[in-house]
Amino acid sequence: MEEAEVEQPSEGLEEPAADQQTAEADQPGSEDGDDASGMPAEGLEVEEPEETDPPLTPVPDEPPVGVATGTPVLVGGEDFIDSQATLVAYASPDGPREVLLAHVSEEAEGKLLEALSVSGTKMVDVEVEEEVKERLALDKDKQLAELVTKATTSVQHKLKDNLPMSEASIQKHQQALDAVNSVLSSPDLDDTEKEMAQYYLDQLNLVGEKINNGGEPMPHFEHFGHTVTKTVTKQIPAPADEPEPGTLAAQLRDASRIKAQLDPQTGESSWDGTSRSKANGKEYAIDLGDGWSAVYRPYAANDPSKTEFSMRGQLEVHAPVGAGHGKELVDRLEQLHLVNAPMTAAEGEWTYLTNNITAQGLDKGAAVKAAFAEAKGLEDLQVQELVHQQASSLIGLDEDALHYQVKRIQLEAAKTVLPKKVAVLREAVAKATGFESGDALAASSGYDPTPAASGGWLTWSRFDVTGKAAEVSQAFSGKSLTHNIGGGDMKKLFATGVLASTEKRSVMGIGGGIGMSEDADKYSGGANSVFLRVKKTPSSPGGGRLIWDDPSVLMRRSDYYAYDGDHFGAINPAGGKSMHGMTRDPMKIANFSQSNNEIMFRDGIDLLGAEAPSRIMCTYTHERTELLEFFKNRGITHLRGKAVEDVVQAVH
């Protein structure tokens, strides 16, 4: 179901080199060092204060070219989900195409939109040629799609809920089979009509096999369509007028995604810098100047009941063609009014605590609510104090210069007061989780506010799992986590090194059709995660599966949520999929009883490092041989301390 690729991941983050440990955050101006515009005066040297809190993830000058998952970096503040961005350098004939990919939090969208001068309210009609998929007239006349869909849906329901086949399901299958066979027996079918009827017959044969033998749910079924080219009239945003002073020119257009390509042999990801695939929604195309650009898919302009939920908040920042733009890709976030400094250790602890609050369901507690309010008050007081201290330097500034200085003051205030905010929040979390104090929580064995590398992404742990490892292992005794790779290829999967979500696969260059419900997951929100199931530890599992016999390896993460049933990984309240029964409690997950339960892990899972599966089940011996040869060529001898010959197994 899920697949993707990255350089060999490590067990954790490496210590940054000494010459990389200088944070690039804006430093507050002084009255003597700034001119009337609020910017540093020409010819004056501004002394940089000694950096005492180096970045957790140094930003590379040149992200490695062709690595599909890119290089993850942590950005300070709370503007991005999990405070994370990814730098990707796609290979292209003209040179590297360096891009920053991130997911903006909904709370930060307001200040991003304030940076834009949007052309989108004024629309014009244009005629364009589009390729569209249409049903055949014969299909509509005989209602084949409807009959096959009814039969498929009826049987799928029984498979997902592990129910016996009903007479009604069998009758629906037979009715559809009779209709399709009747069409196939017609002597005057053209080639496309024959293809259509055979497509439906193949689906019904699969349905019949499931009626007789049961098993895993079937892949998502879509009706047969043939591609035709039509001239259609569409409304598009009018050309952008001159942007207002201090804002960026932007156009509102139909949403799209980077259309990259992944070489199945080398695992290299490439992109020509222009090709994009269609998506259902809207996005802003933003001109950052000097050959730089950005694309943003806003929450506000994408109705969650009608558009792809998983893409809302996605941001791309594009550098001019060529290498060496890594640090400037992060710096350019300032143009969008977003925090643009690498995350420090103090900021990392704040993110760690907030992630644990969500994961452990502490956000509704009075103590935690009060702590967030107190932290906000501390920051507001610090802003007021700095404004008072620098009042004389603010007098007489024009609007743009005043806005620039106020923004610098807000950033300085956030940085200055952060240790106090962390202490307040840590104390409240300690109280909510049974520790005597914040210091006692910080000294406990499970407390680790440092992110770990997970393939191409970074993950934060939860101390209620890492601090109670024996209890979690006992809860999962006799249980494993499993993943069926569906339409994926095992060798290609390990060539990329990660199990990646639908959204991550799309920008890595991995084509669709691998997951069981990729399109539906984009509307439910599940497309941002990979799906696993809790099952009794299988002694003789089928092929095409990844198995984690020690679930605590993954349950230490703070980013998962789960359902004891098939909900398409729903996080969209307006997506038409039930969110009833969602849990993040590992003890509840350990007791899941439905065969179609699901656990969603955001972005992906490292398959070659600390999160590697304990068993890789190939269907055939020759597949096992090929995979072992691949590992040998890559110099991979062990996965999580276990010899690859013992990990990789074959059913036949």
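You'll find the structure just up there.
In this text, all values refer to a predicted model and were calculated from it rather than measured experimentally.

1. Observations regarding helix H3 (residues 144-160)
- With 17 residues, H3 extends 24 Å between its outermost C-alpha atoms, agreeing within 8% with the 24 Å of an ideal straight helix rising 1.5 Å per residue.
- Within H3, 12 of the 17 residues are buried, leaving the element largely enclosed by the surrounding structure.
- Buried within H3 we find Leu144, Ala145, Leu147, Val148, Ala151, Thr152, Ser154, Val155, Gln156, Lys158, Leu159 and Lys160.
- As for H3, its buried residues are in contact with helix H2 (137-142), helix H4 (167-184) and helix H5 (191-213).

2. Quick word on unusual backbone geometry
- Even without being glycine, aspartate 82 reaches a positive phi, approximately 60°.
- Along the polypeptide, aspartate 82 turns up in strand S3 (residues 80-90).
- With relative accessibility at 18%, the residue aspartate 82 sits in the buried group.

3. Here we look at empty space enclosed by the protein
- Under the definition given, this model contains 2 cavities of 30 Å³ or more.
- Computed from the structure, the largest cavity encloses a volume of approximately 330 Å³.
- Taken together, 22 residues line the largest cavity, and the ones lying closest to its centre are Leu101, Ala102, His103, Gln314 and Lys504.
- Listed by contribution, the elements that provide at least two residues to the lining of the largest cavity are S3, strand S4 (97-104), strand S8 (248-258), strand S13 (314-318) and helix H15 (502-508).
- When its residues are assigned to classes, the lining of the largest cavity shows 8 nonpolar, 6 polar and 8 charged.
- In this structure, the second largest cavity spans a volume of roughly 40 Å³.

4. Some details on the packing of H3 against H4
- As a packed pair, H3 and H4 sit with axes 9 Å apart at the nearest point and diverge in direction by 150°. Relative to H4, the element H3 is oriented roughly antiparallel. Where H3 crosses over H4, the two elements pack in a sense that is left-handed. Contacts from Leu144, Leu147, Val148, Lys150, Ala151, Ser154, Val155 and Lys158 in H3 reach Ser169, Lys172, His173, Gln175, Ala176, Ala179, Val180 and Val183 in H4.
- Tallied by class, residues from the contact of H3 with H4 come to 9 nonpolar, 4 polar and 3 charged.

Conventions used here
Residues numbered from 1 in each chain as written. Predicted model: local features only at pLDDT ≥ 70, side-chain atom pairs only at ≥ 80, totals over all residues. Heavy atoms only, no water. Helix = DSSP H or I, 4+ residues; strand = E, 2+ residues; numbered from the N terminus. Expected span 1.5 Å × (residues − 1). Buried < 20%, exposed > 50% of the residue type's maximum accessible area, 1.4 Å probe, protein only. Contact = heavy atoms within 4.5 Å. 1 Å grid on protein atoms, 1.4 Å probe; cavity = no way out; pocket = protein on both sides within 12 Å on 5 of 7 lines; lining within 4 Å. Points joined across faces, edges and corners; volume = space filled by probe spheres on them. Nonpolar A, V, L, I, M, F, W, Y, C, P; charged D, E, K, R; others polar. Axes fitted to C-alpha atoms, helices over the stretch in contact; angles between N-to-C directions. Parallel < 35°, antiparallel > 145°, perpendicular 65-115°, else oblique. Left-handed = near helix turned anticlockwise from the far one by under 90°.

By themselves, these observations are geometric and do not establish any function.
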